[in-house]
Amino acid sequence: MFSFHSKWRYLVMFLGVQLVVMALLSREGYQKRVTYFFRIFRKLDVLSGSAPGHRLNHTGADVYANLSYLVNVQSKDDVPYCPKKSPLTGGPIHVSFPSGLTMAQIERKNPLVVRGGRYRPPDCEARHRTAIIIPHRNRENHLKFLLYYLHPFLQRQQLNYAIYVIHQAGNYTFNRAKLMNVGFREAMREEDWNCLFFHDVDLIPEDDRNTYTCDQNPKHAAIAMDKFGYKLPYKMYFGGVSALSPLHYLKMNGFPNNYWGWGGEDDDIGIRVSLAGMVITRPSVKVGRYKMIKHKLDQGNEVNPKRFNMLAKTRQTWKLDGMNSAEYEVISREHLPLYTNITVNIGTEAGLHPPTKPPPKPRKQKKQEPPGDPKGPKDQEDPEDELTDFQSQH
Ligand code: UDH
Ligand code: NGS
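Each value, and the rule that gives it
Residues numbered from 1 in each chain as written. Chains lettered and ligands numbered in written order. Predicted model: local features only at pLDDT ≥ 70, side-chain atom pairs only at ≥ 80, totals over all residues. Heavy atoms only, no water. UniProt positions renumbered as here; feature names shortened; annotations may be inferred. Helix = DSSP H or I, 4+ residues; strand = E, 2+ residues; numbered from the N terminus. Buried < 20%, exposed > 50% of the residue type's maximum accessible area, 1.4 Å probe, protein only. Contact = heavy atoms within 4.5 Å. Polar contact = N/O pair within 3.5 Å; in protein donor to acceptor, adjacent residues only side chain to side chain. Near = heavy atom within 4 Å. Areas by Shrake-Rupley, 256 points an atom, 1.4 Å probe, with all protein chains shown as cover. Nonpolar A, V, L, I, M, F, W, Y, C, P; charged D, E, K, R; others polar. Expected span 1.5 Å × (residues − 1). Disulfide = S-S within 2.5 Å. Phe/Tyr/Trp six-rings, centres within 6.5 Å; stacked < 30°, edge-to-face > 60°. Lys NZ or Arg CZ within 6 Å of the ring centre and 35° of its normal. Core = buried A, V, L, I, M, F, W, Y, C linked by side-chain atoms within 4.5 Å. Pairing = 2+ DSSP bridges.

- Named according to an unreviewed UniProt entry, the protein is Beta-1,4-galactosyltransferase originating from Astyanax mexicanus.
- The Subcellular location (unreviewed entry) field of the UniProt record for the protein holds the comment "Golgi apparatus membrane".
- The UniProt entry for the protein carries the following comment under Catalytic activity (unreviewed entry): "N-acetyl-D-glucosamine + UDP-alpha-D-galactose = beta-D-galactosyl-(1->4)-N-acetyl-D-glucosamine + UDP + H(+)".

### Describing the overall build of the protein
Okay, step 1: A count of helical and extended segments in the protein gives 10 helices and 11 strands.
Okay, step 2: Put simply, the protein has 394 residues, and 45% of those count as buried.
Okay, step 3: Here the contacts in the protein between residues at least 6 apart in sequence split such that 81% fall between residues at least 24 apart.

### Remarks on the environment of D267
Okay, step 1: Mapping D267 onto the fold places it in helix α7 (residues 265-275).
Okay, step 2: Excluding its chain neighbours within four sequence positions, the residues that come into contact with D267 are Y234 and L311.
Okay, step 3: At 2.6 Å, the side chain of D267 forms a polar contact with the side chain of Y234.

### Thoughts on the site of ligand 1
Okay, step 1: Near ligand 1 lie 15 residues; those nearest to it are P135, R137, V201, D202 and W262.
Okay, step 2: P135 is positioned with one of its backbone polar atoms (N or O) 2.8 Å from an oxygen atom of ligand 1.
Okay, step 3: Between ligand 1 and D298 there is a distance of 3.5 Å, counted from an oxygen atom to a side-chain nitrogen or oxygen.
Okay, step 4: Notes on ligand 1: free accessible area 670 Å², of which the protein chains cover 79%.
Okay, step 5: Residues of the shell around ligand 1, tallied by class, amount to 5 nonpolar, 3 polar and 7 charged.

### Regarding helix α5 (residues 176-190)
Okay, step 1: Here α5 is 15 residues long and its end C-alpha atoms lie 21 Å apart, about the 21 Å a rise of 1.5 Å per residue gives.
Okay, step 2: For α5, a buried count of 11 out of 15 residues is recorded, marking the element as mostly surrounded by other parts of the structure.
Okay, step 3: When we look at burial in α5, the residues that qualify are R176, A177, K178, L179, M180, N181, V182, G183, F184, E186 and A187.

### Considering the state of the cysteines
Okay, step 1: On inspection of all chains with the given rule, the structure shows 2 disulfides.
Okay, step 2: Residue pairing for C82: its cysteine sulfur links by disulfide to C124, the two sulfurs lying 2.0 Å apart. Between C82 and C124 the sulfur-sulfur dihedral comes to about 90 degrees; the bridge is accordingly right-handed. Remark: C124 occurs in the loop between β1 (118-119) and β2 (129-136) and C82 occurs in the loop between α2 (28-47) and α3 (103-109); sequence separation between them is 42 residues. One exposure class covers both C82 and C124, and it is buried.
Okay, step 3: Looking at the protein, its bonded cysteines, counted consecutively from the start of the sequence, adopt the pairing 1-2, 3-4.

### Digging into the packing of aromatic side chains
The relation between two aromatic rings is expressed through the spacing of the ring centres and the mutual angle of the planes.
Okay, step 1: Scanning all chains against the criterion turns up 14 aromatic pairs.
Okay, step 2: With a centroid separation of 5.5 Å and 65 degrees between ring planes, the pair formed by Y234 and Y237 is classed as edge-to-face.
Okay, step 3: Judged by its relative accessible area of 38%, Y234 falls in the partly exposed class.
Okay, step 4: Consider the rings of Y249 and F255, whose centres lie 4.9 Å apart with planes at 55 degrees: the pair is tilted. Exposure class is identical for Y249 and F255. Each is buried.
Okay, step 5: Clustering of aromatic rings is evident, with ring pairs tying together F184, F198, Y249 and F255.
Okay, step 6: One cation-aromatic arrangement involves K109 over Y64; the distance from NZ or CZ to the ring centre is 4.7 Å.
Okay, step 7: Cation over ring: R289 sits above Y230, and NZ or CZ is 3.8 Å from the ring centre.

### Observations concerning the nonpolar core
Okay, step 1: If you look at the biggest cluster of nonpolar residues, it comprises 42 residues, and the most contacted ones within it are L154, I163 and Y212.
Okay, step 2: No other element matches helix α4 (residues 140-156), which puts 9 residues into this core.
Okay, step 3: Apart from residues no more than four positions distant in its own chain, L154 is found in contact with I132, L159, Y161, I163 and Y212.
Okay, step 4: Counting residues in hydrophobic clusters, the runner-up holds 31 residues, among them L244, Y249, M278 and I346.

### Some points on the pairing of strand β9 (residues 289-292)
Okay, step 1: Here β9 shows a clear split, with Y290 and M292 buried on one side and none of R289 and K291 buried on the other.
Okay, step 2: Alignment of strand β5 (residues 203-205) against β9, held across 3 bridges, turns out to be antiparallel. Bridge assignment links P205 to a residue of β9, and that residue is Y290.
Okay, step 3: The pairing of strand β7 (residues 224-225) with β9 spans 2 bridges and is parallel.

In structure tokens form, the structure reads like this:
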């Protein structure tokens, strides 16, 4: 009887101690450790593709949905290569443009992106090194949306990447293709990128199976844009977003430098691809989908009236004008939290430092012109007249 009572006492004491131990273990420090182990298990599940949470809702998925699985690890030595197909990609991405988005919010949502807008997968060695080149001027709002979507999109693809914004200084007519030449050279100065994506600031990819890696031939990625009813507007279209390896780029002497204003430069680039003996590859229309942020033609990027005549001469000009003749001056290079901003003076048609016109001399009394050429001296002819003549004949 007596010993039965003391047995109960010992049992109650034992349970009490258990309770105290459990209470202590559930304090913050222990919780952290338990969460850490749970995270490891969850990550292993994700990488093997078996985590239930990882099964994305493929319709209208949030682009940030499965990035919470990425955990920064201290040491990057001896990490294995990333899988050939990223387990983090899900398919279609829901794209909308809510008001009030700030750069600080984007930074907070992308904690693993480092200065200059660079990223490497924390848990595996990327198979691809991709630089994104964005020609830019006065489109800060578009840039914000692009960064919001592009960072998680590229992280899902497990790429080693950086985003370069090439900002044209001054107010002179915009020159998209020349800015791309600047972007190519300046990005390659920083790292041995094996793929360059030339990306308009107003195009948001809508499917993360559209991989930002290079193919055997130059790739036109923006094959299906909403503004064209999600199909190619014409067979040779090469605008919006394209991808070239450094080898492709140099083989076609880069892009033309002399298309000032809107239109034609992308067609010229497409022609260069075939003149250099390459072909254009494309993803499927199901995957190469983009939403364009609606806008009007910018001030300073007026339609270029010379573009058709210039296109007719690409065969003669591509080896002379391009990467080998691109002249510019970098004004600044800033490694900002979400991108590298390169501000550049690309000059005008008259060169990098066009001579300022001297003030007009006071007119002298004109002598009588000798009879002869009614047009006057030959050097007064505008060389563009020749191009306009060509256009009207064709
Ligand atoms: N860009 C700028 N600032 C400018 C002009 C162009 O950043 O002032 C860049 C930007 O990356 C843009 C790209 O150059 O996405 C292409 O320019 P765009 O968006 O004006 O060209 P797009 O063909 O739009 O996409 C055309 C608007 C309607 C033109 C109708 C002409 N018939
Ligand atoms: C072509 C332009 C391209 C342009 C494309 C789409 O006509 O530069 O339309 O334009 N080529 C010429 O003008 C020679 S868009 O509908 O996006 O405004 O990219």
